[in-house]
Amino acid sequence: MDYSLKNIKIAGTGSAVPDKIVTNQDIINSGVDTDDTWIRETLGIRERRIADGESASDLAAKAGLAALENAGVDKEEVSLIVLATYTPDRKAPSTACLAKHKMGISNLCPAFDIVAICSGFMYSLAIAANMIRSGAHTNALVIASDVTSSLIDWTRRDCVFFGDGAGAVLLTASDYENSLFEARIFSDTNFTDGFTVYEGNSTFTMDGGSVYEAATSVLPGSIISVLMRCGLTEEDITWVVPHQPAIRALKKMADRLGIPFEKVCHNMERYANTCGATIPLLLDELNREGRLKKDDLLAFAGVGAGWTFGAALYRWH
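Starting afresh in each chain, residues are numbered from 1 along the sequence in its written order. Where totals are concerned, whole chains, interfaces and linings use all residues; where local detail is concerned, this predicted model gives features only for residues with pLDDT of at least 70, and gives and counts side-chain atom pairs only at 80 or more. Side-chain measures were taken over the full set of non-hydrogen atoms in the model, leaving aside hydrogen atoms and water.

What about the pairing of strand β4 (residues 80-84)?
To keep it simple, the criterion reads: Under the scheme applied here, a residue whose accessible area is under 20% of the maximum for its type counts as buried, over 50% as exposed, and between as partly exposed, the area being computed with a 1.4 Å probe on protein chains only. Each helix corresponds to a stretch of at least 4 residues labelled H or I by DSSP, and each strand to a stretch of at least 2 residues labelled E; elements are numbered beginning at the N terminus. By this definition, two strands are paired if DSSP reports at least two bridges between them. Orienting the strands away from the viewer, one traces the path from the first strand over the helix to the second; a clockwise path indicates a right-handed crossover.
Most of β4 sits inside the fold, with 5 of its 5 residues counted as buried. Burial along β4 is two-sided: Leu 80, Val 82 and Ala 84 and Ile 81 and Leu 83, pointing in opposite directions, are all buried. Bridge count between β4 and strand β6 (residues 139-146): 5 bridges; the pairing is parallel. Its bridge partner lying in β6, Leu 80 is registered against Ala 140. Direction of pairing for β4 relative to strand β5 (residues 111-114): parallel, over a ladder of 4 bridges. Each residue of the ladder has a partner; that of Leu 83, found in β5, is Asp 113. Tracing the backbone out of β4, into helix α4 (residues 95-103) and back to the parallel element β5 gives a crossover that is right-handed.

Describing the packing of aromatic side chains
Defined as follows: Planes of paired rings set the category: under 30 degrees apart is stacked, over 60 is edge-to-face and the rest tilted, where pairs are Phe, Tyr or Trp rings (Trp by its six-membered ring) whose centres lie within 6.5 Å. Two thresholds decide whether a charge sits over a ring: the Lys NZ or Arg CZ must be within 6 Å of the ring centre and within 35 degrees of the ring normal.
Within the structure shown, the criterion is met by 4 aromatic pairs. Centre to centre, the rings of Phe 186 and Phe 309 are 5.2 Å apart; their planes meet at 20 degrees, and the pair counts as stacked. Pair noted here: Phe 186 is in strand β8 (residues 181-187) and Phe 309 is in strand β13 (residues 308-315), with a separation of 123 residues, a long-range link. The class for Phe 309 is buried, based on a relative accessible area of 12%. Taken together, Phe 181, Tyr 314 and Trp 316 form an aromatic cluster joined through their ring pairs. In this arrangement the basic side chain of Arg 157 is found over the ring face of Trp 38, its NZ or CZ atom lying 5.3 Å from the centre.

Digging into the sheet that holds strand β12 (residues 297-304)
Here is the rule: Only the stretch in contact is used when a helix axis is fitted, and all axes are lines through C-alpha atoms; the angle between N-to-C directions ranges over 0 to 180 degrees. Contacts are assigned to residue pairs with any non-hydrogen atoms lying within 4.5 Å of each other.
The strand order across the open sheet built from 4 strands is β8-β13-β12-β11, with neighbouring strands paired in mixed fashion. Where the open sheet ends on each side, the last strands, each with one partner, are β8 and β11 (239-242). If you compare each strand with its neighbour and ignore which way they point, the axes differ by 15 degrees on average. Docked against the sheet, helix α5 (residues 120-134) engages β8, β12 and β13, running at close to 130 degrees with respect to β8.

Digging into the state of the cysteines
Covalently bonding the sulfur atom of one cysteine to the sulfur atom of another cysteine gives a disulfide. Which entries qualify depends on this criterion: By disulfide we mean two sulfur atoms from cysteines, separated by a distance within 2.5 Å.
What the rule picks out here adds up to 0 disulfides. Here Cys 109 stays unpaired: no disulfide links it, and the sulfur of Cys 97, its closest cysteine neighbor, is 8.8 Å away. No disulfide involves Cys 230; its nearest neighbouring cysteine sulfur is the one of Cys 265, lying 19 Å away.

Some thoughts on the pairing of β12
Along β12, 8 of the 8 residues are buried, which leaves the element largely enclosed by surrounding structure. Residues Leu 297, Ala 299, Ala 301 and Val 303 of β12 are buried on one face, and the alternating residues Leu 298, Phe 300, Gly 302 and Gly 304, pointing to the opposite face, are buried as well. Here 4 bridges tie β11 to β12, and the two strands are oriented parallel to one another. Across the sheet, the residue bridging to Val 241 is Phe 300, located in β12. Across 8 bridges, β12 lies against β13 in antiparallel orientation. For Leu 298, the partnering residue across the bridge sits in β13 and is Tyr 314. Between β12 and β13, which follow one another and run antiparallel, lie 3 residues, and Gly 306 among them has a positive phi close to 140 degrees.

Quick word on the nonpolar core
Applicable threshold: Put simply, buried Ala, Val, Leu, Ile, Met, Phe, Trp, Tyr and Cys residues joined by side-chain atoms within 4.5 Å make one nonpolar core.
Counting residues in hydrophobic clusters, the biggest one holds 46 residues, and the most contacted among them are Leu 43, Val 160, Ile 223, Val 240, Met 253 and Val 264. Mapped onto this core, the elements with two or more residues apiece are α2 (36-43), α6 (208-230), α7 (247-257), β12 and β13. If you tally residues by element for this core, the top one is α7, at 6 residues. Here Val 240 is in contact with Ile 223, Met 253, Ile 259, Lys 263, Val 264, Cys 265 and Ala 299, once residues within four sequence places are set aside. Tyr 123, Ala 140, Val 169 and Leu 171 belong to the second-largest nonpolar core, a separate cluster that totals 36 residues.

Here's what the structure looks like:
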């Protein structure tokens, strides 16, 4: 059976970040034992956006509406909403339903959450694309939104890694003869404690070393697996639009893929690691800056706690 998804179009992109900016120096001034030079050179981060009273559904709604506007599609034409978050507003109802309400979408389209941490967008994208492919839906709004600041212990050094934000894409069917969309998602549950929130804890626990090893292994590995499935090679990639774990990890990924680092897009310097939102937030920036050209081959890849990971290839049109 051919699982190649060759009739998917990213019709619109959108993103939203909080107004509040927290710099590395702000964190140092608060008393955290860390170093600005190390943060910039190892992680690639100068600053991050931190929610001030904004929830995951608030940011998701803004990003979703921006994607619809970019696509020129009326919000009532949305037939499916898939929202990736690990920082839900509440246990029930889903953040997807809350965001749908805040977007003012009154039709009865299904809306549900996905929890795959930093690879949540990859999971949501693959699921929504397959539902478009099947003909079950026509306009799928895929959103990733995380307010990681709600789970940060601001006295620990690892607080420097993360920021808050949301990104979204609107998927539609495509009849473009050169279209290509192929995605693969995975999990490896032998490494469940690399990044976790233990029962009863209010903040996360992270093993930075294991996160780095996972990122530098499964990010390139996932991309290669999708390339092989499509009969393509690393040289065919125009841009890699990856999860944003750390600049050092992305340079190692490029090295393992055998591609110049100039092909690897990043914005962690301004937003840090916005978890599931990193890929669609970055994609929206590239789209609105006019950096994406017709027939560019984009490679998406993400890895998150669990471990969950995945990659996709998409030909821009």
